[in-house]
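Coordinate inspection notes
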Amino acid sequence: MGNAEISSGASCGQTGASCEQTGTGHTQGLQSEHVTTVSFTINGQSVLLENPSPYLSLNEWIRAQQGLSGTKKMCGEGGCGCCVVTVRKADPSTGKESTISINSCLCAIYSVQGWDITTIEGIGSSRDRLHPIQQSIAEHNGSQCGFCTPGFVMTILLQQNPNPSKQDVEDYFDGNICRCTGYRPILDAMKTFAGSGRVREDGWIDIEDLAAKKCPRTARACYGLLKPHLRSASDPVWFRPASLLDVLAILQAHPDGKVKLVAGDTGKGIYKTSSPSDYFDIFIDLKGISELYEIQVSAASVKVGAAVTLSNLIDLLLANKSKSTNFEGLADHILKVANVAIRNVGSWAGNLMLTHDHSDFPSDVFTVMAAAGATVTIANARGSSSFSLWDFLDLEMSYSVIVSMTIPFSGPGNIFRSFKIMPRAQNAHAYVNAAFSMEVDPSYTVRGTPVLVFGGIEEYAVSAVRTAASLQDKSLLDPNTLKSALAALQQELIPDTPPMAASVQYRKSLALSLFYKYYLACIVDEVSPRVKSAAVPYKRAISQGVQTYSSLPSNYPITQPMPKLSSALQASGEAQFTTDIPPYPQELAAAFVITTQGNARISSINADLIKTMPGYVSVITAADIPTGGQNNFMTLPGNGFFPEPVFATDFSEYAGQAVALVLADTQEYANVIARAVVVGYQDVGKPILTIQDAIAARSFYPFPGSQQVLSVGDAPAAIATSAHVIEGEISCGTQYHFHMETHTTVCLPEDQGYTVYSSTQWTDLTQSAVATVLGIPVSSVDVRVKRLGGAYGAKITRGHQAAAACALGACLTRRPVRMHMDIDTNMQMVGKRFPFYAQFKVGCSSDGLINGIQMTVYNDSGCSNNDNSIMLAVQSLDNAYYVPNWLVTPISCKTNTCSNTFCRSPAISGVAISGVAISGVAISGVAISGVAISGVAISGVAISGVAISGVATCISGVATSGVAISGVAISAVAISAISGVAISGVAISGVAISGVAISGVAISGVAISGVAISGVAISGVAISGVAISGVAISGVAISGVAISGVAISGVAISGVAISGVAISGVAISGVAISGVAISGVAISGVAISGTLPGIFIMESLVDYVAKSLGLDVEQVKRVNLYQLGQTTPIGIPLSYCNIRGLWDQLYSSASVERRKADILVFNQANRWRKRGLSMVPLKFGLGWNNSPFTVLVSVYATDGTVAVTHGGVEVGQGIDTKVAQVAARTLGIPLDMIVIKPSNSLTNPNGASTGGSTTSELACLGVLNACTELKSRLTPVQLAMGNPSWVELVQKCYAAGIDLSSKQHTYLTTDYPFAYYAYGVTCAETEVDVLTGETQVLRVDILYDCGESINPEIDVGQVEGAFVMGLGYWMTERVVYDPSSGQLLTHNTWEYKPPSSQDIPIDFRVELLKNAPNPLGILRSKACGEPPQCMSCSVLFAIKRAIESARAEIQQQQVFALPGPATVEAIQQACMVDPSQFVF
């Protein structure tokens, strides 16, 4: 993000200042009184606030007003764009009225004096009239979850430029993040205004014309203004001086005060108020000081006042670019500082003061202005003086202020270039920035001393003076000049090692590369064409997209492409999220206190200091949980969850773990107070933070290794007999979900329990967690959720901790409690995607046909194994490739990080199975595998080498525990009548059972628990006439078992409860089961995720094979693709498989053959820019086994309208719209007669979670069944009436006493883990800057089999959004921990970088396979929310192709793996850039 690249625009005392003084008589006209009021207008309504707290932000005030919740808050840092509003005010620099967008979260309420503010509510509404911008984004499906949408709408600001170009539109959204859509539909919506002047079209209002929105009944404003939180006695005072002299006088009058000068005040987006030591005593507002906004243009320079904003500085430089050769370059670089909303208010002087006061701040303004030779004027009580920027860094700025900056004009012989290499294309601070200025005569001889400035190398920016001296008077056409300069620079630059910086190796190589780029630019007309691209800045083309799909008009509204039903509400800010629920009387705000040290014993929690802080109410720990309650938020009977504490008590597993809850008057107070609590530690151990750490420490969850193997065929033998044996390894990291709405809960104590509004994907588990913590009946907890502002799996199991904690606060205080978790806490405390690491050995033929794979797969589960993903990764390892022989050993690692959890593309989650009846089934030739094993202890008795045969046995009243049995052979044994047996703590392995007959046996009253069975072979066994009942089985782990040649018949099983059982590495074949009845069986607690890493591991393996054999990668992939009728490693026959057809179709439509040839030509012609292309196929398993959901459809007799509530949760995937489409089609009524009501735990009790991509399908099936049942009731009446209207029919049925509601419980089972597979193919093309690692995704083609899409417009949006989220995972989203404490360092938008709008493919083409109904799906459709993300690794492999071309230039053609994420650093380092190759 770059938000903190601009400070308050001023700095004094601790932070410096920015103003001017002429002379020493500074007391005349002093405004000595601080202000206590602020007046402004909002949406046309005048506001006067008296005595608000100076710490109150504009965002907090807006969101506290009734009816103004459309302006969101997510990061509080200016890094996401959710909080953007517009401001109309006089521009002190130009004297004209202007309208700008700003981040309301960074704007203090006192700063808005005299402003005219407009929020999303002020420009249009669905009830009145949408603004054309709102209308366009709604119509273009530019809103999925909708949380970010108001910020995008308010950012475009067409009235600021009523005739923008498409490039303007693309550039303008550098400060807005959307995790859902992938940006393409948003940009398309906004580009409709390019060159159109449509802002006033058809009489649409413009922001300048706004008056207060009035209620048509009362003629008053449609929202009420509430009083802000008043300042406390400890709050600072706010001065609003009228002159520079007043500023200096105030500073002199408060020599002991901690003062902050305020212009833009955007620096607090990174340097936050995290403890009382960060508080200020005095704020001085500089916006009323005209002298600070003065601009003077002379014959030799421009002089710009210190409070001039970066946006105005850019305009000034461009307006005078004809006078100075470097001004356009300076402007272009400053355009890369932060984002539009920050640059609109942040000043250049504030940016300089940030680097003055914070050595870790890489100021772009300093770097480029130092290279341009700018000077600054500094004033204090003694007078004013000018200083170079280098001298400025050493100044003591207490009681001194920056006055102005003078930028000299550069002449025609000056060559200026600047660079900023950052993690993503926009809104990020630099890894390294650089600016170079040099006078070069027509003969290419350097005149004078060049200026070479580098930022990001050392603590502050550095000037490479020795290197510059080596260039003086040298000919740039002499190769030795370059060689000697590079050698000098190599010696001169010594990078430091701050924890968040890129590696020393990368930053040094990057600095040399940037200088080389500059050198080439100075002689660009003389260089070889092969290296010229290094001298020419890359210009990204305007992005575009094509979406192709089919639909069936005869089946409308099913298959009809349309925006979400709530799109207008989201575009207008009217859509209500949990955090938008209006405050309740006496409501309290909550914030977690989290640890700062992992792997340590907690010695103390000191809350003494916080009790005197403003807003403090109370602090809650585990000791406050009521009698009967449990300190455990992971509790749902039968699900097999391991306990996880709401509050850690004795031990901090990871830095970021919650230990207490603070309750305060406001959320901001709660956040600050929580950070002030001091937690003490003892017995501190080194945190285990990575898979490699865990392997070294052997920190694994129980039963790692061979006891969990997936074994199909004979992999070792197949590999040994193959023509080629290839070994390698690959890894992929974690990913933060970056849901725009952080974890949020509102809990109300009621007379019969608690009502909980929670941003959850699983109401059932939220309900259970609250009831468990409070020790109350589950029926006393009512959970409700209307929609989520993004989720991606983070809110399946992780959100219940916040809900339970808030409920505890409500229980103890009997007051409503709300938590809107701040992003720092959310990122540190909540689990992320599972990292993976795999070691593999492959046997293959000479043409790349894979015969066998042997692999060990590790994942990082974090501090808990609850949401373990490893077995689905194993189940997904084959991706789209048939391999006959497998031997895979999965191992789950325990680390001192937060418990990792589901993240987009896990496929199956939250499975619950109960009350199943299975009879008359024949199963044969089946292989079952793939579930994790944990929590087993083996001790006690060992029995081995025993042979038992020819025995007839009756067993009863036996208790067995602590027994180990191995190496036992049992044969020819007859067993009958087993009862009253308790078996626990038993380990059985290496047992062979054969020739056993079991018949006529009655088994009852048996309890089996804590048993581990592995390495068992069972064959030639006949079981018949057996009755099993009243059996409880729990805590059993079974793995490495082979069963074959077994016949089971005439068996009845009932009243059996199975929970906490893990089965893996089991192969069953040649088994016949018939005449079996199973009922009253409950199986629960299955949660698996990990398809994305599993597919990436396989793609890396196939890539490794092809490159090792010197074969074309796409050819090797094609030869290994599945064919119809083949069987997967987990025993699923592919009765529907079209992957080869999809591959061939995209290979042709994407012109892969031609483009590969073009890329070869390009790469041969360019030394320092390389392109690559990659295709990735997809086979993604979708399952809905045993996921219960309830649908309630209610028809209202008065007007025939219909209300539906279903068990799913709207998270942006369009589930509500699809449900309404199905209901409308089934009932035969217009879509606008249907409304979808919020999900809740009353109408959907015992429901599964929304996840795995199939919830929409299940909800649609439920509403289909419910509406079909309703129609069956209505049809006889309809036939009797003839041809009634819908309303007439409904009213007649009502009069006849017919039930006009239908409740349907959806509970599906299939024979296999997956109901069907989704298939797809992606082709990606990239271009890499070899010298920097910067990458452009030139084109992406996606062909995805979505079946018969229920709503193709929504589904295309899901495909695009999933893919772009994957781009972040593979390219930009780096996660870093402190190695000593284990603290997450990338816990905010300053350091964590999801993709921006200019990181998406420039050419983005998505096609949903036409005329491809899914014979195995619901309504012939296929899920699409997650599978396409798995193909996003195609971009990483396209990058790898480009890297291979770069390495070939230096004969480094050995096979290598490219782990994810492939950041700019990883890419450049993989290119093996060698300065000795820097030639021209």
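Calculation criteria
Residues numbered from 1 in each chain as written. Predicted model: local features only at pLDDT ≥ 70, side-chain atom pairs only at ≥ 80, totals over all residues. Heavy atoms only, no water. Helix = DSSP H or I, 4+ residues; strand = E, 2+ residues; numbered from the N terminus. Buried < 20%, exposed > 50% of the residue type's maximum accessible area, 1.4 Å probe, protein only. Contact = heavy atoms within 4.5 Å. Pairing = 2+ DSSP bridges. Axes fitted to C-alpha atoms, helices over the stretch in contact; angles between N-to-C directions. Expected span 1.5 Å × (residues − 1). Core = buried A, V, L, I, M, F, W, Y, C linked by side-chain atoms within 4.5 Å. Arc of directions from axis to C-beta. Parallel < 35°, antiparallel > 145°, perpendicular 65-115°, else oblique. Nonpolar A, V, L, I, M, F, W, Y, C, P; charged D, E, K, R; others polar. Salt bridge = Lys/Arg side-chain N within 4 Å of Asp/Glu carboxyl O.

The next subject is the environment of V773. If you trace the backbone, V773 turns up in helix α20 (residues 763-774). By relative accessible area, V773 is classed as buried at 1%. Dropping the residues within four chain positions of it, V773 is found in contact with I625, P626, G629, Q630, N632, V646 and A804.

Pairing within the open sheet is antiparallel, and its five strands lie in the order β9-β10-β13-β11-β12. At either end of the open sheet lies a strand with only one pairing partner, and these are β9 (295-297) and β12 (383-388). For this sheet, the mean angle separating the axes of adjacent strands, direction not counted, is 20°. Here strand β11 (residues 375-380) runs beside strand β13 (residues 401-408); their pairing, made up of five bridges, is antiparallel. The residue bridging I378 from the neighbouring strand is I402, located in β13.

What follows covers helix α24 (residues 1091-1109). Between its first and last C-alpha, α24 extends 27 Å over 19 residues, near the 27 Å set by a 1.5 Å rise per residue. Buried residues dominate α24, accounting for 17 of its 19 residues.

Core analysis: the biggest nonpolar cluster contains 237 residues, and F454, F515, M855, L1101, W1286 and Y1344 have the highest contact counts within it. The biggest single contributor to this core is helix α15 (residues 504-522), with 12 residues. Excluding residues within four positions of it along the chain, M855 makes contact with A838, Q839, F840, L877, L887, V888, T889, I1097 and L1101. Counting 64 residues, the second largest nonpolar core, distinct from the first, contains Y293, V304, M353 and L389.

Another aspect to go through is helix α30 (residues 1286-1295). Within α30 the residues assigned to the buried category are W1286, L1289, V1290 and C1293. Down the axis of α30, the sector holding all buried residues measures 95°, keeping them to one side. In this fold, the buried residues of α30 make contact with β65 (1189-1195), β66 (1202-1205), α28 (1215-1227) and α29 (1255-1281). G1297 sits one or two residues past α30 and shows a positive phi near 80°.

Right, let's get into unusual backbone geometry. The amide bond that connects Y556 to the next residue, P557, takes the cis arrangement and shows omega of 5°. Within the secondary structure, P557 is located in the loop between β18 (544-548) and α16 (567-571). For the peptide bond that leads from G1460 to P1461, omega is 5°, which places it in the cis range. Here P1461 is to be found in the loop between α32 (1433-1448) and α33 (1464-1470). Of note, the phi angle at A338 is positive, near 55°, even though the residue is not glycine. You will see that N1246, though not glycine, has its phi angle at about 60°, which is positive. Mapped onto the secondary structure, N1246 falls in the loop between β68 (1239-1240) and α29. When its relative accessible area of 55% is taken as the criterion, N1246 is described as exposed.

Two numbers describe how helix α10 (residues 348-357) lies on helix α11 (residues 364-371): the axes approach to 8 Å, and their chain directions differ by 100°. Judged by the angle between their axes, α10 and α11 are roughly perpendicular. Residue-level contacts link W348, N351, L352 and T355 of α10 to D364, V365 and F366 of α11. Its residues assigned to classes, the contact of α10 with α11 comprises four nonpolar, two polar and one charged.

With the rule as written, the count across this model stands at 54 salt bridges. A salt bridge links E1373 to R179; the shortest N-O distance between them is 2.7 Å. One end of the pair, E1373, is in the loop between α31 (1352-1371) and β72 (1403-1408); the other, R179, is in the loop between α4 (166-172) and α5 (184-191), with 1194 residues separating them in the sequence. Note on accessibility: E1373 and R179 belong to one class, buried. Of the charged contacts, one joins R601 and D683 as a salt bridge, the two residues approaching to 3.8 Å between their closest N and O atoms. Separated by 82 residues along the polypeptide, R601 in strand β20 (residues 600-606) and D683 in the loop between β24 (678-682) and α18 (691-697) bring together distant segments of the chain. R601 sits in the partly exposed class, given a relative accessible area of 36%.

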